[in-house]
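The lines below spell out each chain.
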Amino acid sequence: MGMSRCYALMKCLLILFNIIFLVVGLGACAFSGWALWEGAGGVGAGRVGLSCVAIWGVVLALGAVGTLRGVCGAGHPVSLRGGLALLALACAAEAAAAAWGAAHAPQLRQALRDRLRDTITHDYGVVHSHTHMLDVIQHELQCCGAESVRDWQEAAWAGGDVAEPSHRGSLDLSVSAPASYYWVPTSCCATDDPFECETSRRIATASRGSPGLYTVACSPRVLAELARVARAPLALAAALLAAHVLALLLALAIAARPQHDTRYKA
């Protein structure tokens, strides 16, 4: 009787874990599909990463479905063993991703810095979502430029919110030209006064900024904010990995339990 209760408890826990895995897997598939459809991953490594998340979500969801079918009696033990194999594959992928991320943390931070500067140089004023994202970052984190305000000097920004056409053109380096300058977005302004902000946005090329602008670089603040925000997701990921290992152990114990042959009972 005691062993029967123990197996019943193990089945209940395994069902609970796999319901969670099914929800997480479907959620990962939905998010990755949406991000790929919207082009949020850009090209190259971003799309590859989102595709890997989608594949992982499919494997996790299929493993959860197979395990649930096996535990509930439909197709047991074939479904249980198939689901167990898929869960083991998803667990191995999670562990490998965690190890890779820990080993390449400096490269990931540098890639984020490079991506932020590339957004300033090429995407601002061209890609609406990137323009809005960068404005929010600069305004909320009270910073300007990826590494410094002078990053905007290299930006191919059309100046969509600038009133005068002269603000948009490239620098005039002729002998008769006035002192060259460049412009920064209003999200760089440290003041709420429109006139003071408009005046501060015009920066001489030789200058490192003006008094009415944020002078702190965005890259360090973005990295610090991501590190703070990532604590909860990382804790959830660690809990998911621990639940995965426990579920695998429970599934192995249930799959190894001897099955009684009832074919010849009266």
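A. Quick look at the pattern of salt bridges. Evaluated as defined, the whole model comprises 7 salt bridges. Put simply, E154 and R117 hold a salt bridge, and the shortest N to O gap is 3.3 Å. Note that E154 is positioned in the loop between α5 (128-141) and β1 (181-183) and R117 in helix α4 (residues 105-123), a separation of 37 residues in sequence. A residue is classified by how much of its surface remains accessible, and R117, at 31% relative accessible area, is partly exposed. In this structure, E198 and R201 form a salt bridge, with 3.0 Å as the shortest nitrogen-oxygen distance. Within this pair, E198 and its partner R201 are both found in helix α6 (residues 194-201), separated by 3 residues, close to a single helical turn. We classify E198 as partly exposed; its relative accessible area is 30%.

B. Inspection of the packing of aromatic side chains at higher detail. Here the structure, examined in full by the defined rule, presents 3 aromatic pairs. Judged by centre distance (6.2 Å) and plane angle (40°), the ring pair of F31 and W34 falls under tilted. Residue F31 and its partner W34 are both found in helix α1 (residues 2-38); the two are separated by 3 residues, about one turn of the helix. Looking at F31, the relative accessible area reads 49%, which means it is partly exposed. Both rings, one in Y181 and one in W183, keep their centres 6.1 Å apart while their planes meet at 75°; by these two values the pair is edge-to-face. Each of the two residues, Y181 as well as W183, counts as buried. Sitting over the face of the ring of Y181, R202 holds its NZ or CZ atom 3.8 Å from the ring centroid.

The rules behind these values
Throughout, residues of each chain are indexed from 1 in the direction in which the sequence is written. Per-residue local features are limited, in this predicted model, to residues with pLDDT of at least 70; the limit for side-chain atom pairs, both in listing and counting, is 80 or more; totals at the level of whole chains, interfaces and linings are taken over all residues. To get the side-chain values, take all heavy atoms of the structure and skip hydrogens and water. Should a side-chain nitrogen of Lys or Arg be within 4 Å of a carboxyl oxygen of Asp or Glu, the pair is scored as a salt bridge. Only runs of H or I of at least four residues qualify as helices and only runs of E of at least two qualify as strands under DSSP, and these elements are numbered from the N terminus. Throughout this description, buried means an accessible area under 20% of the type-specific maximum (1.4 Å probe, protein chains only), exposed means over 50%, and partly exposed covers the range between. Classification of ring pairs uses Phe, Tyr and Trp, with its six-membered ring standing for Trp, and accepts pairs whose centres are within 6.5 Å; under 30 degrees between planes counts as stacked, over 60 as edge-to-face, and the remaining range as tilted. When the NZ atom of lysine or the CZ atom of arginine is within 6 Å of a ring's centre and also within 35 degrees of its normal, the charge is said to sit over that ring.

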